[in-house]
Amino acid sequence: MQITVTVSEVIVREAAARGLPVIDFVESLIDKAMSASQESPVLDSAIQRIRALRAASLEPRG
């Protein structure tokens, strides 16, 4: 999947400070967040509830 995102100058500076291309730095942030959410049942549960609410709000109402 390919998506387009706009990143702040802070993210660009952080990537440069680490000597990484911005895309690699952003991907590492996503990976870290995924790992953290899997290690935290509370966070994972909250994410699942948010997804369920979002899915429910996207369903057509009859």
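Here the structure is a predicted model, which is why all the values come from computation and not from measurement.

1. Some words on the overall build of the protein
Counting its regular elements, the protein contains three helices and zero strands. Helices and strands appear in the protein in the N-to-C order α-α-α. A compact globule built from 62 residues would reach a C-alpha radius of gyration of about 11 Å, whereas the protein, at 16 Å, exceeds it by more than 25%. Accessible area for the protein stands at about 5,600 Å²; split by element, carbon and sulfur atoms hold 59% of it. Considering the protein, the positive charge centre built from 7 side chains and the negative charge centre built from 8 side chains are found 8 Å apart.

2. Considering the pattern of salt bridges
Pairing between side chains of opposite charge can happen when their charged atoms approach one another. Counted under the stated rule, the structure contains one salt bridge. The shortest N-O distance in the salt bridge between Arg18 and Glu14 comes to 2.4 Å.

3. Here we look at the layout of surface pockets
Computed from the structure, the largest pocket encloses a volume of approximately 260 Å³. In terms of lining residues, the largest pocket is bounded by Ile3, Val5, Val7, Val22, Ile23, Val26, Glu27 and Ile30. Of the residues that constitute the lining of the largest pocket, the class distribution is seven nonpolar, no polar and one charged.

4. A word on a nonpolar patch on the surface
A surface patch of nonpolar side chains, amounting to about 430 Å² of accessible area, comprises Met1, Ile3 and Val5. For Met1, the position within the fold is in the segment before helix 1 (9-17).

5. Description of the environment of Glu39
Positionally, Glu39 belongs in helix 2 (residues 22-39). Classification of Glu39 as exposed rests on a relative accessible area of 67%. Distance in space between the C-alpha atoms of Glu39 and Arg49 is 17 Å, their sequence separation being ten residues.

6. Considering the confidence of the model for the protein
Low-confidence regions, as indicated by low pLDDT, have predicted coordinates that should not be scrutinised in detail. Chain-level pLDDT for the protein is 86 on average; 95% of the residues reach the 70-or-more range. Across the protein, element-level confidence peaks in helix 1 with a mean pLDDT of 96 and bottoms out in helix 3 (residues 41-58) with 82.

7. Let's talk about the environment of Leu29
You can see Leu29 is positioned in helix 2. Placed 21 residues apart in sequence, Leu29 and Ile50 show a C-alpha to C-alpha distance of 20 Å.

Scoring rules and cut-offs
Residues numbered from 1 in each chain as written. Predicted model: local features only at pLDDT ≥ 70, side-chain atom pairs only at ≥ 80, totals over all residues. Heavy atoms only, no water. Helix = DSSP H or I, 4+ residues; strand = E, 2+ residues; numbered from the N terminus. Rg over C-alpha atoms; globule rule 2.2 N^0.38 Å. Areas by Shrake-Rupley, 256 points an atom, 1.4 Å probe, with all protein chains shown as cover. Lys, Arg positive; Asp, Glu negative; His and termini not counted. Charge placed at Lys NZ, Arg CZ, Asp CG, Glu CD. Salt bridge = Lys/Arg side-chain N within 4 Å of Asp/Glu carboxyl O. 1 Å grid on protein atoms, 1.4 Å probe; cavity = no way out; pocket = protein on both sides within 12 Å on 5 of 7 lines; lining within 4 Å. Points joined across faces, edges and corners; volume = space filled by probe spheres on them. Nonpolar A, V, L, I, M, F, W, Y, C, P; charged D, E, K, R; others polar. Patch = residues over 30% accessible without salt bridge, like charges linked within 9 Å, V, L, I, M, F, W, Y side chains within 5 Å. Buried < 20%, exposed > 50% of the residue type's maximum accessible area, 1.4 Å probe, protein only. pLDDT = per-residue confidence, 0-100.

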